[in-house]
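# Descriptive structure summary
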Amino acid sequence: MELVSVLLSRAWRLTGLSDSTTDKRSRKMEEKALEVYDVIRTIRDPEKPNTLEELDVVTEKCVEVQELGDDEYLIIIRFSPTVPHCSLATLIGLCLQVKLQRCLPFKHKLEIYITEGTHSTEEDINKQINDKERVAAAMENPNLREMVEQCVTEPDD
């Protein structure tokens with residue numbers, strides 16, 4: 001048993017995935033996830049005077065960050081609309097996209113999804129909010145752009 005432990009320990013070191021390296025990476029991803037959460041938690045709901053954090057549409061647990069390369073990250077967000085038939089879920093996803101694109105200081109790829117089972121048309125909305133052309137087209141609509149701006153602008157701005 002001790003021989004197996006020694007061999008595994010050497011294998012981890014050779015691959016560069018020693019416990020301390022893994023711990024450092026894990027801590028770094030947790031810090032990045034908190035940084036992302038700090039950006040999105042203050043987005044205001046399109047219908048209510050509350051933030052997405054206050055309504056539990058986004059939580060710290062809904063943000064996942066994976067390292068893609070040197071200072072490049074994959075950010076995955078799973079948000080939960082307040083009701084299964086929320087007509088503004090696509091707008092919330094658009095607000096998440098816009099605010100993160102504007103505010104994150106590091107290179108990233110972004111994937112935004114509705115938490116499975118929390119919306120009646122989640123598959124369709126997931127496709128829409130992750131389609132760059134649809135997002136760009138939506139932001140060309142002045143009325144929609146104004147709604148997004150109202151949601152993503154900080155109260156101090």
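Refer to the preceding data block for the structure.
Calculation rules
Starting from 1, residues in each chain are numbered consecutively following that chain's sequence as written. Confidence filtering applies because this is a predicted model: local features only for residues at pLDDT of at least 70, side-chain atom pairs given and counted only at 80 or more, and all residues used for totals across whole chains, interfaces and linings. Derived side-chain values reflect all non-hydrogen atoms in the structure, with water molecules and hydrogen atoms excluded from consideration. Think of it this way: DSSP has to see at least two bridges between two strands before they count as a pair. A run of DSSP states H or I qualifies as a helix once it reaches four residues; a run of E qualifies as a strand once it reaches two. Both are numbered from the N-terminal end. To obtain an axis, a line is fitted to C-alpha atoms, over the contacting stretch when the element is a helix, and the angle between two such axes runs from 0 to 180 degrees between their N-to-C directions. For classification, angles of less than 35 degrees are called roughly parallel, those exceeding 145 degrees roughly antiparallel, those between 65 and 115 degrees roughly perpendicular, and all remaining angles oblique. What makes a crossing left-handed is the near helix being turned counterclockwise from the far one by less than a right angle; a clockwise turn instead makes it right-handed. Working rule for contacts: check all heavy atoms of both residues, and any pair within 4.5 Å makes them a contact. What counts as a ring pair is set by centres within 6.5 Å for rings of Phe, Tyr and Trp (its six-membered ring), and what kind of pair is set by the plane angle: stacked under 30 degrees, edge-to-face over 60, tilted for all other angles. Exposed residues in this analysis have more than 50% of their type's maximum accessible area, buried residues have under 20%, and partly exposed residues fall in between, with area computed by a 1.4 Å probe over protein chains only. Handedness rule for crossovers: strands pointing away from the viewer, path from the first strand over the helix to the second running clockwise, crossover right-handed. Think of it as the arc spanned by the lines of direction from the helix axis to the C-beta atoms.

### Some thoughts on the pairing of strand β1 (residues 63-69)
Looking along a regular strand, one sees the side chains alternate between the two faces of the sheet. Across six bridges, β1 lies against strand β2 (residues 72-79) in antiparallel orientation. Bridge pairing links Val65 to Ile75 in β2. In textbook terms, the turn of a hairpin is the stretch between consecutive antiparallel strands, and for β1 and β2 this stretch comprises two residues, one of which, Asp71, has a positive phi near 50 degrees.

### Section: the packing of helix α3 (residues 89-103) against helix α6 (residues 142-152)
Between α3 and α6, the shortest axis-to-axis distance is 9 Å and the interhelical angle comes to 65 degrees. Viewed along their axes, α3 and α6 adopt a mutual orientation that is roughly perpendicular. Considering the relative orientation of α3 and α6, their crossing is right-handed. Contact with α3, carried on its side by Leu91, Leu94, Cys95, Val98, Lys99 and Arg102, involves Leu144, Met147, Val148, Glu149, Cys151 and Val152 of α6 and no other residues of that element.

### Looking at the packing of aromatic side chains
Pairs of aromatic rings are described using the distance from one ring centre to the other and the angle between the two planes. If you walk through the whole model with that rule in mind, you get one aromatic pair. On the basis of an interplanar angle of 80 degrees and a centroid distance of 5.2 Å, the ring pair of Tyr73 and Phe106 is categorised as edge-to-face. Here Tyr73 is found in strand β2, whereas its partner Phe106 is found in the loop between α3 and β3 (107-114), with 33 residues between them in sequence. Given the relative accessible area of 0%, Tyr73 is considered buried.

### Looking at the pairing of β2
The buried count for β2 comes to six of eight residues, which makes it a mostly enclosed element. As paired elements, β2 and β3 share eight bridges and run parallel to each other. Along β3, the bridge assignment pairs Leu74 with Lys109. A crossover links β2 with its parallel partner β3, the connecting element being α3, and its sense is right-handed.

### Focus on the packing of helix α5 (residues 132-140) against α6
Where α5 meets α6, the closest approach of the two axes is 5 Å, and the angle between their N-to-C directions is 95 degrees. Put simply, α5 runs roughly perpendicular to α6. Where α5 abuts α6, its residues Ala138, Met139 and Glu140 lie against Pro142, Leu144, Arg145 and Val148.

### What to know about the sheet that holds β3
Whenever strands of a sheet pair, they do so through backbone hydrogen bonds, lying parallel or antiparallel. As summarised here, the arrangement of the three strands in space is β1-β2-β3, forming an open sheet in which the pairing is mixed. The outermost strands of the open sheet, each flanked by one partner alone, are β1 and β3. Taking the axes of each pair of neighbouring strands and ignoring which way they run, one obtains an average angle of 20 degrees across the sheet. Sitting on the sheet, α3 is in contact with β2 and β3, with an inclination near 165 degrees to β3. Lying on the sheet, helix α4 (residues 122-129) is in contact with β2 and β3; it crosses β3 at an angle near 160 degrees.

### Some points on α4
Those residues of α4 that fall on the buried side of the exposure criterion are Glu122, Ile125, Asn126 and Ile129. Down the axis of α4, the sector holding all buried residues measures 105 degrees, keeping them to one side. Summarising the geometry of α4, the exposed residues directed more than 90 degrees from the buried face are Glu123 and Lys127. Against the buried residues of α4 lie β2, α3, β3 and α5.

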